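Next come the chains, spelled out residue by residue.
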Amino acid sequence: MAEPIIAVDHVSFAYEDGGKMAVQDVSLSIERGSFHAILGQNGSGKSTLAKLINGLYLPSEGRVTVCGMDTQDDANTWEIRRRAGMVFQNPDNQLVATVVREDVAFGLENIGVPTAEMPERIEKALKDVGMLAYADRAPHLLSGGQKQRVAIAGVLAMAPEAIIFDESTAMLDPQGRREVLQAVKRLNRDQGITVLWITHFMEEAVACDKAHVMYKGKIVLSGTPRDIFSDMERIRPYRLDAPPMARLAEQLRSQGMPLKEGILTVDEMAEEVARLCK
Ligand code: ADP
Ligand code: MG
């Protein structure tokens, strides 16, 4: 089998020596080109895990490799951050310049891309997230979803192989959340960029290849979204909300409607209701 792009091998991490483990014996293997989601309630260790993958923190135990490079080795740090970019929760903290195109240029300057190459890379990145028309605008005048797409363009311009999104839609309105998730799905599908999507919105996990549930620093469940959400009793202890359509299906079943198992999306619900009403 091909080497995974991100490999987390029995990793533990504590913020203080001898303190509580924020991440505990986590193993994770992410194949190139895949779309994985990490789910979990607040404080379950998702952000800590993301920062361990990105080399912002080093494991207290275990090993993290990105594209075969060990995060423990200082010589790899910048290359790891370029190849596995990260997009955070609050777009306002990520945008630094007064013009969108300069913001996207910022990372390129840091990694020493020749000035002559920049305009093309910036424009391609903005185009890929549907923001090229805004290249000369001021970031602070954009909507939340637009700002977050500019932040993604800043990462994209560095030609990453993977992008880690740490609750990147949490501060957006529903429209902004949809915009960002659609842009990310396109990058995964059309450019084969590996995505690690951290979220507490369960409906966002419905379309991923594989989801992992974190609880108290551990990965307690891994599987396809259908595996994970097919049995609500099993996920209840981890305090996840089920996706809205799965909840609706459960309520309708409890009122006697014989809906099939495994409904996660509006389309599946519509199809099933139509079938029952025929
Ligand atoms: P999540 O992203 O799932 O909300 P975090 O990774 O932020 O979870 O936090 C995991 C645990 O580590 C929590 O108990 C949290 O309080 C603790 N923690 C997070 N950041 C720090 C920090 N900078 N210093 C000390 N403890 C922290
Ligand atoms: Mg977090």
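Our structure's up above, just so we're on the same page.
Bear in mind that the values here come from a model prediction, so they are computed numbers and not experimental data. (Residues numbered from 1 in each chain as written. Chains lettered and ligands numbered in written order. Predicted model: local features only at pLDDT ≥ 70, side-chain atom pairs only at ≥ 80, totals over all residues. Heavy atoms only, no water.)

1. Concerning the sheet that holds strand β6 (residues 84–87)
Step number 1: Across the sheet, 6 strands lie side by side as β6-β7-β8-β3-β9-β10; this open sheet has mixed pairing. Looking at strand neighbours, the two that pair on one side only are β6 and β10 (218–223), the edges of this open sheet. Strand-to-strand, the axes of this sheet are offset by a mean angle of 20 degrees, without reference to chain direction.
Step number 2: Pairing geometry for strand β9 (residues 210–215) and β10, over 5 bridges, is antiparallel. Bridge pairing in β10 places Tyr215 opposite Lys218.
Step number 3: Contacting β3 (35–39), β6, β7 (162–166), β8 (194–199) and β9, helix α1 (residues 46–53) crosses the sheet at an angle of about 155 degrees to β8.
Step number 4: The strands touched by helix α5 (residues 144–156) are β6 and β7; relative to β6, the strand with the most contacts, the crossing angle is about 165 degrees. (Pairing = 2+ DSSP bridges. Helix = DSSP H or I, 4+ residues; strand = E, 2+ residues; numbered from the N terminus. Axes fitted to C-alpha atoms, helices over the stretch in contact; angles between N-to-C directions. Contact = heavy atoms within 4.5 Å.)

2. Observations concerning the site of ligand 1
Step number 1: Every residue lining ligand 1 is accounted for by Tyr15, Lys20, Ala22, Gln41, Asn42, Gly43, Ser44, Gly45, Lys46, Ser47 and Thr48.
Step number 2: Between Asn42 and ligand 1, the recorded distance is 3.3 Å, taken from a side-chain N or O atom to an oxygen atom.
Step number 3: A distance of 2.9 Å separates an oxygen atom of ligand 1 from a polar atom in the backbone of Ser47.
Step number 4: The protein chains hide 62% of the 560 Å² of surface that ligand 1 would expose on its own. (Near = heavy atom within 4 Å. Polar contact = N/O pair within 3.5 Å; in protein donor to acceptor, adjacent residues only side chain to side chain. Areas by Shrake-Rupley, 256 points an atom, 1.4 Å probe, with all protein chains shown as cover.)

It is worth stressing that arrangement in space is one thing and function is another; only the former is reported here.
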